[in-house]
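The lines below spell out each chain.
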Amino acid sequence: MRTPNRWVMLSLGMAAQGAGCVFMYGLPFLLPAFQAERALTLAQAGILVGTPSAGMLATLIAWGWVADRYGERLAMTAGLVLAAGFLGAAAFTGDTVLLGVLIALAGASGASANAASGRVVLGWFPRDRRGVAMGWRQTAQPLGVAVAGALIPQFATVRGALLAMAVICLVTAVAVGALVADPPRPAARPGARTASPYGNPALWRVHGASMLLVVPQFATAGFALTYLVTLRDWDVAHAGALIAVAQLAGAAGRLACGAWSDAVGSRLRPMRQLALVNGAVVLLLAAAVPTAAGVPLVIAALVVSMSGNGLAFTAVSELAGTSWAGRALGAQNTAQNLVAAATPGAIGALIATSGFGIAFALAGTLALAAAVATPAGPSPAPARA
């Protein structure tokens, strides 16, 4: 049997994850339409657009198990087909509560790509190229949001936008089902059970460090615009453009960090070193908040804090091994998204009571704590059956 092109497999995995991101993170572009068409308050519309993330959190580990047990192609194809069906049904419902339920179910279904696409990278790319491949895979989210930002405002109604999202999921599902090949995996012995990798403390430490690193990432991403406008007197348009450029630089940083980890043969050593840099930059930002130096530092903090995301995912997949990678990546996604959901509210409250300096100082301290939590040295050998 001919070996599939690994870059085609990566592209299809990215497409699957990006298709899910279009509706999971693109629904905020429908906030005005939700308010106008359904007479919702901003708070009610905000709850509605948050339902896909809630659904995703409920099923990430379960989809990881499906990918581990039955393969990546089945998991991604089934999840995207279900998501397309729920989005299509949501487009035609008149009941707002049912609309929220259907969108949440779409999020729960689309979560399949988060774990399964990571397994594609683990399975088809050798260790010395896996860092760059996972870096590419991690760019699927900002690319998906960019597609949503360009596409969704073109529709005059919520129904049209939801149907467009459903079509994207369905077309991607067909491509994945037709073209993705599951990576080879060791044959299981009859009646044998695979050992859980969670007896290895390093895996827990990577999960914990990743959760800590979410705080500086979302503290800067969530409040850089507010800082530039309220404290540095920038206008919203110019501040938004600068942050958009920083987002692109952060995506490039993920690729660079992946190449770095491939070059040194370790995910954990670069992750630890980048966390130290992250902490130092954010602490400098905290000290420079009242000065003009805060502008370049907030952009630097924004770029550095998002650059190392792929290192943790690659380390988790390698530590978990082939048999558990899907579940471990699901757990990684779940842990990070829980912290991401809590961080903006907590940081916003801290800024309101104590100011930007204290909030950024806390974020920088947690980045330094993540450096301590990250296991030292090269990535340990992956778990085996």
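Here, residues in each chain are numbered from 1, in the same order as that chain's written sequence. Residues qualify for local features only when their pLDDT is at least 70, as the model is predicted, and side-chain atom pairs are given and counted only at 80 or more; totals for whole chains, interfaces and linings, by contrast, use all residues. Note that water and hydrogens are dropped before the side-chain values are worked out from all heavy atoms of the structure.

1. Digging into helix H5 (residues 96-110)
Okay, step 1: Here a helix means four or more residues in a row that DSSP labels H or I, a strand means two or more in a row labelled E, and each is numbered from the N terminus. By this rule the span expected of a helix is its residue count minus one, scaled by 1.5 Å. Between its first and last C-alpha atoms H5 spans 21 Å; for 15 residues at 1.5 Å apiece the expected length is 21 Å, and the two agree.
Okay, step 2: For every residue, the accessible area obtained with a 1.4 Å probe (protein chains only) is divided by the maximum for its type, and the residue is called buried under 20%, exposed over 50%, and partly exposed between those limits. Along H5, the positions that sit buried rather than exposed are Leu99, Gly100, Leu102, Ile103, Ala104, Ala106, Gly107, Ala108, Ser109 and Gly110.
Okay, step 3: Contacts from the buried residues of H5 go to helix H1 (6-24), helix H2 (31-38), helix H3 (42-70), helix H4 (72-91), helix H6 (112-124) and helix H9 (158-179).
Okay, step 4: Nitrogen and oxygen atoms within 3.5 Å of one another constitute a polar contact, given that in protein one can donate a hydrogen and the other can accept it, and given that sequence-neighbouring residues count only through two side-chain atoms. Capping of H5 at its N-terminal end is provided by aspartate 95; its side-chain oxygen lies 3.1 Å from the backbone amide nitrogen of valine 97. Contact criterion: two residues are considered in contact whenever any of their non-hydrogen atoms come within 4.5 Å of each other.

2. With respect to the packing of aromatic side chains
Okay, step 1: In summary, the pairing rule links any two rings of Phe, Tyr or Trp, Trp by its six-membered ring, whose centres are within 6.5 Å, and it sorts them by plane angle into stacked for under 30 degrees, edge-to-face for over 60 and tilted for everything else. Following the criterion strictly, the structure yields seven aromatic pairs and no others.
Okay, step 2: Judged by centre distance (4.9 Å) and plane angle (80 degrees), the rings of tryptophan 7 and phenylalanine 125 are edge-to-face. Within this pair, whereas tryptophan 7 is found in helix H1, its partner phenylalanine 125 is found in the loop between H6 and helix H7 (127-138), the two being separated by 118 residues in sequence.
Okay, step 3: Considering the side-chain rings of tyrosine 198 and tryptophan 324, the 6.4 Å spacing of their centres and the 70 degrees angle between planes classify their relative orientation as edge-to-face. Of this pair, tyrosine 198 sits in the loop between H9 and helix H10 (201-230) while tryptophan 324 sits in the loop between helix H14 (309-320) and helix H15 (325-354), placing them 126 residues apart in sequence.
Okay, step 4: For tryptophan 324, a relative accessible area of 17% translates into the label buried.
Okay, step 5: Clustering of aromatic rings is evident, with ring pairs tying together Tyr198, Trp204 and Trp324.
Okay, step 6: Look at NZ for Lys and CZ for Arg. If either is within 6 Å of the ring centre and within 35 degrees of the ring normal, a charge sits over the ring. Sitting over the ring of phenylalanine 125, arginine 6 keeps its end group 5.8 Å from the ring centre.
Okay, step 7: The ring of tryptophan 324 carries arginine 327 above its face, with NZ or CZ at 3.9 Å from the centroid.

3. Looking at empty space enclosed by the protein
Where empty space is left becomes clear once a probe the size of a water molecule has been rolled over the atoms.
Okay, step 1: Site definitions follow a grid-based scheme: protein atoms alone, a 1 Å grid, a 1.4 Å probe that fits but cannot get out for cavities, and for pockets an open set with protein on both sides within 12 Å along at least five of seven lines, plus lining residues having an atom within 4 Å of a point. Grid points are joined across faces, edges and corners, and a volume is the space filled by probe spheres set on the points. According to the stated counting rule, one finds one cavity of 30 Å³ or more in the structure shown.
Okay, step 2: Volume-wise, the largest cavity comes out at about 150 Å³.
Okay, step 3: In terms of lining, the largest cavity is formed by 15 residues, of which the most central are Leu213, Asn278, Ser305, Gly308 and Asn309.
Okay, step 4: Listing elements by their share of the lining of the largest cavity, those giving two or more residues are H10, helix H12 (268-288), helix H13 (294-307) and H14.
Okay, step 5: Under the convention adopted here, Pro, Cys and the residues Ala, Val, Leu, Ile, Met, Phe, Trp and Tyr are nonpolar, Asp, Glu, Lys and Arg are charged, and Gly plus all remaining residues are polar. A class-by-class count of the residues in the lining of the largest cavity yields eight nonpolar, seven polar and no charged.

4. Quick word on a nonpolar patch on the surface
Okay, step 1: Patch membership requires over 30% relative accessible area and the absence of a salt bridge. Like charges are linked within 9 Å, and nonpolar side chains (Val, Leu, Ile, Met, Phe, Trp, Tyr) within 5 Å. Note that accessible areas follow from Shrake-Rupley with a 1.4 Å probe, and for residues the cover is restricted to the protein chains shown. What makes a salt bridge here is a side-chain nitrogen of Lys or Arg within 4 Å of a carboxyl oxygen of Asp or Glu, nothing more. A surface patch of nonpolar side chains, amounting to about 340 Å² of accessible area, comprises Val97, Leu98, Val101 and Leu105.
Okay, step 2: Among the structural elements, leucine 98 can be located in helix H5.

5. Considering the side chain of serine 266
Okay, step 1: Topologically, serine 266 is positioned in the loop between helix H11 (236-264) and H12.
Okay, step 2: At 3.3 Å, the side chain of serine 266 and the backbone nitrogen of leucine 268 are in polar contact.
Okay, step 3: There is a polar contact of 3.1 Å between the side chain of serine 266 and the backbone nitrogen of arginine 269.

6. Let's talk about the confidence of the model for the protein
Interpreting fine coordinate detail is not advised for predicted regions of low pLDDT.
Okay, step 1: A score from 0 to 100, pLDDT tells how confident the predictor is in each residue. On average, residues of the protein score 87 in pLDDT, and 95% of them reach the 70 mark or higher.
Okay, step 2: Across residues 378-385, where pLDDT falls below 50, the model places 24 contacts with residues more than four positions away in sequence or in other chains.

7. Regarding the layout of surface pockets
Okay, step 1: Space inside the largest pocket adds up to approximately 1,600 Å³.
Okay, step 2: Lining the largest pocket are 45 residues, and of these Tyr25, Gln141, Val145, Phe218 and Gln247 sit closest to its centre.
Okay, step 3: In terms of residue class, the lining of the largest pocket is made up of 26 nonpolar, 17 polar and two charged.

8. Focus: H4
Okay, step 1: Across its 20 residues, H4 extends 29 Å between first and last C-alpha, which sits within 8% of the 28 Å expected from 1.5 Å per residue.
Okay, step 2: Those residues of H4 that are buried are in contact with H1, H3, H5, H6 and H9.

9. Observations regarding the pattern of salt bridges
Okay, step 1: Taken as a whole and assessed by the stated rule, the structure comprises seven salt bridges.
Okay, step 2: The salt bridge involving aspartate 68 is made with arginine 327; its shortest N-O contact spans 2.8 Å. Here the residue aspartate 68 occupies a position in helix H3, and arginine 327 occupies one in helix H15, the gap between them amounting to 259 residues.
Okay, step 3: Given the relative accessible area of 9%, aspartate 68 is considered buried.
Okay, step 4: Arginine 267 is paired through a salt bridge with aspartate 262; the nearest N and O atoms lie 2.8 Å apart.

10. A look at the environment of alanine 288
Okay, step 1: Structurally, the position occupied by alanine 288 is in helix H12.
Okay, step 2: The buried category is assigned to alanine 288, whose relative accessible area is 8%.
Okay, step 3: The sequence separation of alanine 288 and alanine 15 amounts to 273 residues, and the corresponding C-alpha distance is 40 Å.

11. Some words on the side chain of glutamine 138
Okay, step 1: Here glutamine 138 is to be found in helix H7.
Okay, step 2: Leaving out residues up to four positions away in the same chain, glutamine 138 has contacts with Arg254, Asn309, Gly310 and Phe313.

12. Concerning unusual backbone geometry
Okay, step 1: Positive phi is not limited to glycine here, since alanine 39 has a value of about 55 degrees.
Okay, step 2: Structurally, alanine 39 can be placed in the loop between H2 and H3.
Okay, step 3: Of note in this structure, aspartate 233 is not a glycine but carries a positive phi near 65 degrees.
Okay, step 4: Mapped onto the elements, aspartate 233 comes out in the loop between H10 and H11.
Okay, step 5: Judged by relative accessible area, aspartate 233 falls into the exposed class, the value being 67%.

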